[in-house]
Amino acid sequence: MIAIFKAVLSSALAGLLGLDAVQAGQFLFSRPAFVGPVLGWLNGCPLDGARLGILLELLYIDFIPVGGVVPPNGTAAAAVGVLAHSAGGLPPSLSFFLGLAAGTAFSSIEYRLRASRSPWNGEIEEQVKAGNFSLRPWLAKSLLVENAVMGAYVLCWAALAACLACLPGISALYPGTDFAFTLMPWLGLSGLYFRFRTQIYKKG
């Protein structure tokens, strides 16, 4: 029962932290390197949470939202990765790849959320023309929807992880995922190296 409560609380917290990406603040609270350790500490696995968050950060740091392109969501990835391990009972390696999949899949949901807010522009414009400049209800509505969707999304993936952990023979995947997991730091660092090298050449 305590594990379920922590999973629900962690999902709600992930929803709040996810708002920092665009909606509120942009203090980097939504980055995997922050979300992973925080949720890991909350769920009793701070080191695993930090490791998952930092590795996801290395892989996601090169994604830049340009125009209509919606990059993978690092908040969802880190939150799902931590909960898949702490609440779902999966090893860190498989939890990492499950989080990676969750972060990538959230892009389509985030795109639909943005599209759903587009019709609000006309209503807001009419409201302003009428002399009503109170935009707080629109902002509050947007924040609540984003928070609820992210929280529910993370919780659903955590439940999926728990179901996967109960599958017979799932442990046969662990050697393969463990090996692939050991390669992720090198993959992330190599991507970071090429990113910095490109920036240096631009300045040169």
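Use the structure listed above.
Calculation notes
Residues numbered from 1 in each chain as written. Predicted model: local features only at pLDDT ≥ 70, side-chain atom pairs only at ≥ 80, totals over all residues. Heavy atoms only, no water. Helix = DSSP H or I, 4+ residues; strand = E, 2+ residues; numbered from the N terminus. Buried < 20%, exposed > 50% of the residue type's maximum accessible area, 1.4 Å probe, protein only. Contact = heavy atoms within 4.5 Å. Disulfide = S-S within 2.5 Å. Core = buried A, V, L, I, M, F, W, Y, C linked by side-chain atoms within 4.5 Å. Phe/Tyr/Trp six-rings, centres within 6.5 Å; stacked < 30°, edge-to-face > 60°. Salt bridge = Lys/Arg side-chain N within 4 Å of Asp/Glu carboxyl O. Patch = residues over 30% accessible without salt bridge, like charges linked within 9 Å, V, L, I, M, F, W, Y side chains within 5 Å. Areas by Shrake-Rupley, 256 points an atom, 1.4 Å probe, with all protein chains shown as cover.

Chemist: Can you walk me through the environment of Ser11 in this structure?
Modeler: Along the chain, Ser11 falls in helix α1 (residues 2-18). What makes Ser11 buried here is its relative accessible area of 2%. Each C-alpha atom, one on Ser11 and one on Leu83, is 8.6 Å from the other, the two residues being 72 residues apart in sequence. For Ser11, the contacting residues outside a window of four places in its chain are Leu83, Gly151, Val154 and Leu155.

Chemist: Is there a simple way to think about the state of the cysteines in this case?
Modeler: Linking two cysteines covalently via their sulfur atoms produces the bond known as a disulfide. In this structure the tally under the stated criterion is zero disulfides. Cys166 provides the cysteine sulfur closest to Cys163, a residue in no disulfide bond, and the two sulfurs are 6.7 Å apart.

Chemist: Would you mind showing me how to read the nonpolar core here?
Modeler: Most often, soluble globular proteins keep nonpolar side chains buried together rather than apart. Core analysis: the biggest nonpolar cluster contains 35 residues, and Leu90, Phe96 and Val154 have the highest contact counts within it. Element by element, the count of residues in this core is highest for helix α4 (residues 74-86), at eight residues. If near-sequence neighbours (up to four positions away) are discounted, Phe96 is found in contact with Leu52, Leu55, Leu56, Leu59, Phe181 and Met184.

Chemist: Help me understand the packing of aromatic side chains in this model?
Modeler: We describe a pair of aromatic rings using the distance from one ring centre to the other and the angle between the two ring planes. Tallying each qualifying case throughout the model produces seven aromatic pairs. Their ring planes at 45° and their centres at 5.9 Å tell us that Phe27 and Phe29 sit as a pair that is tilted. Judged by its relative accessible area of 37%, Phe29 is partly exposed. Both rings, one in Phe96 and one in Phe181, keep their centres 5.3 Å apart while their planes meet at 50°; by these two values the pair is tilted. One end of the pair, Phe96, is in helix α5 (residues 92-117); the other, Phe181, is in helix α8 (residues 174-203), and 85 residues separate them in sequence. An identical accessibility class is assigned to Phe96 and Phe181; each is buried. Within the aromatic cluster, the residues linked to one another by ring pairs are Phe27, Phe29 and Phe34.

Chemist: How should I be thinking about the pattern of salt bridges in this particular structure?
Modeler: Pairs can form between side chains of opposite charge whenever their charged atoms are close. Applying the stated criterion across every chain, the model contains five salt bridges. For the salt bridge of Asp48 with Arg51, the shortest nitrogen-to-oxygen distance reads 3.1 Å. One end of the pair is Asp48 and the other is Arg51, both in helix α3 (residues 46-60) and three residues apart, which spans about a single turn. Relative accessible area serves as the criterion here: at 41%, Arg51 is assigned to the partly exposed category. For Glu146, the salt bridge is made with Arg117, and the minimal N-O distance between the two is 2.5 Å.

Chemist: Please clarify how a nonpolar patch on the surface should be interpreted in this entry.
Modeler: Side chains of Met1, Ile4, Val8 and Leu155 sit close together on the surface and give an oily, nonpolar patch of about 430 Å² of accessible area. Relative to the helices and strands, Val8 resides in helix α1.

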